Amino acid sequence: MLDGDWLAETGAEIRGVLKVMVDAGWLPGGTAVVGTDSMWEFVSVGGIGETVGDHPAAPDVRYDVASLTKVMATWPLMGRVVAEGLVGLDAPLGSYFSGGPFPGGQVTVRQILTHTSRLNPVTWLERYVGTEQDLAEAILAEPLDEEGYRYIDRGFILLGLLLERLLGDPLDRLAGELWSVAGMPSTTYGPLSRSPAVAPTERRIPGTAPTWGVVHDEAAALMGGVAGHAGVFTTAIDLGVFARDLLRVHDRSRGRRDAFSEYLRQSWRPQVPADEHFSRGLAWLVTDDGLVYHHGYTGVSLFLHPATGRYVGLLTNAVHHGRRRTGLFDLRAAVRASFAG
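Quantities reported herein were computed from a predicted structural model and do not represent experimental measurements.

Engineer: Residue-level account of helix α1 (residues 3-23), with values.
Structural biologist: The α-helix winds at 3.6 residues per turn, so residues separated by three or four positions along the chain end up facing the same way. Compared with an ideal rise of 1.5 Å per residue, which puts 21 residues at 30 Å, α1 spans 30 Å between its outermost C-alpha atoms and is within 8% of the ideal. For α1, the set of buried residues is Trp6, Leu7, Thr10, Gly11, Ile14, Val17, Leu18 and Met21. Axial view of α1: buried residues confined to an arc of 135°, hence all on one face. Turning to α1, the residues buried within the fold contact β1 (29-35), β2 (40-46), β11 (310-316) and α10 (328-338). Of the residues one or two after α1, Gly25 is the one with positive phi, at around 80°.

Rendered as structure tokens:
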């Protein structure tokens, strides 16, 4: 299928599914970018939430991307420090954090990126509030879980803290410099002012305002809104820039042997089986037919297909009406299916 036809068909499919979800009251609305190396188009349906009137969803509205933070901030920054030789993928974290020895000191960066770290899978950080223990040390000091694949946020929390120690700047500043160079001016950690340019997420207590302009993830909120696993806001425009640039770097990396190119190739190759449908690369999910993707809990996704240079970035605030997020699975499945043609 020609790229232009694929753009039109995929955009129409996303628009149709989003309209069904909006009409059913499952989410306020959403926006998507559908693109290739040389062209893109945007799809927007519905609004950003009834609590702020009839403001429409749009490509320049910022959404809380939840766990897309892992691949938009932490993963590329880890690639930088790996390429610079500041961190080894297979060196234990105990080599970079003082104190210990800790049970988690034997965990490696590669194990965190592939979600095989055996760290405590419970992200809840309330237990550390009011203590004197450094968060990184507190996480590393807990017993390791059983071996195997298990999606864990704490590993990316640790990587965010590690990046700050290695590079000497807060994570939001480090990521902000990366996004500025990439031409992504609307991508940022919060907090953001409440406005029609920001989509609210969940109303946690009836009769109160929704979470709006501040991170939805509770653990990231306890960390001041800046964490390696959550906290980033972006627009469909910036998400398209990010996707296109990654695919271009991947295309240029063929035949190259520099450290970052190797990091990217490893990231998009199957490293650990996750279930019968997909494997985990370094941070990313990878299917047998070469689709690379990641989701965020708030209702966002990014899909990349390196073989064709096609991508879809999907932004919704599906948690706005609650955590059931009805219809989100079908919306994501429709996007995945578009790459099979």
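Once the structure has been displayed, the description carries forward.
Engineer: Please set out the nonpolar core residue by residue, giving values where relevant.
Structural biologist: Ranked by size, the top nonpolar core spans 72 residues in total, and within it Leu93, Leu113, Trp268, Trp284 and Leu304 carry the most contacts. Here this core gets nine residues from one element, more than from any other, and that element is helix α2 (residues 68-83). Residues contacting Leu93, with those up to four places away along its chain left out, are Gly104, Gly105, Val107, Val109, Ile112, Leu140, Leu158 and Leu162.

Engineer: Outline the sheet that holds strand β4 (residues 188-189), listing residues and values.
Structural biologist: Spatially, three strands are ordered β3-β5-β4 in an open sheet, and the strand pairing comes out antiparallel. With partners counted over all chains shown, the strands left at the sheet margins are β3 (63-64) and β4, one partner each. Sheet topology note: the β4/strand β5 (residues 232-234) ladder contains two bridges and is antiparallel. Residue pairing for β5: Tyr189 is matched across the bridge by Val232.

Engineer: Describe unusual backbone geometry, with residues and values.
Structural biologist: A cis amide bond links Gly190 to the next residue, Pro191, at an omega of 5°. As for its placement among the helices and strands, Pro191 is situated in the loop between β4 and α7 (218-222). For Ala283, which is not glycine, the phi dihedral falls at a positive 80°. Following the sequence through the fold, Ala283 ends up in the loop between β7 (278-280) and β8 (285-287). Classification of Ala283 by relative accessible area gives buried; the value is 0%. The backbone phi angle of Arg325 is positive, close to 50°, even though this residue is not glycine. With respect to the helices and strands, Arg325 occurs in the loop between β11 and α10.

Engineer: Describe the environment of His216, listing the residues and the values that go with them.
Structural biologist: Within the secondary structure, His216 is located in the loop between β4 and α7. Measuring from C-alpha to C-alpha, the distance between His216 and Arg204 comes to 10.0 Å, with 12 residues separating the pair along the chain. For His216, the residues in contact, after removing those within four places along its chain, are Asp64, Thr201, Glu202, Arg204, Thr211, Tyr297, Thr298, Val319 and Arg323.

Engineer: Tell me about the pairing of β11, and name the residues and values.
Structural biologist: Along β11, seven of the seven residues are buried, which leaves the element largely enclosed by surrounding structure. Alternating positions in β11 separate into two faces, Arg310, Val312, Leu314 and Thr316 on one and Tyr311, Gly313 and Leu315 on the other, with burial throughout. The sheet contact formed by β1 and β11 spans six bridges and is antiparallel. Bridging across to β11, Val34 finds its partner in Val312. Bridging between strand β10 (residues 300-305) and β11 involves five bridges; their strand directions are antiparallel. The residue of β11 that forms the bridge with Leu302 is Gly313. Where β10 hands over to β11, the hairpin turn is made up of four residues, of which Gly309 adopts a positive phi near 75°.

Definitions and cut-offs
Residues numbered from 1 in each chain as written. Predicted model: local features only at pLDDT ≥ 70, side-chain atom pairs only at ≥ 80, totals over all residues. Heavy atoms only, no water. Helix = DSSP H or I, 4+ residues; strand = E, 2+ residues; numbered from the N terminus. Expected span 1.5 Å × (residues − 1). Buried < 20%, exposed > 50% of the residue type's maximum accessible area, 1.4 Å probe, protein only. Arc of directions from axis to C-beta. Contact = heavy atoms within 4.5 Å. Core = buried A, V, L, I, M, F, W, Y, C linked by side-chain atoms within 4.5 Å. Pairing = 2+ DSSP bridges.

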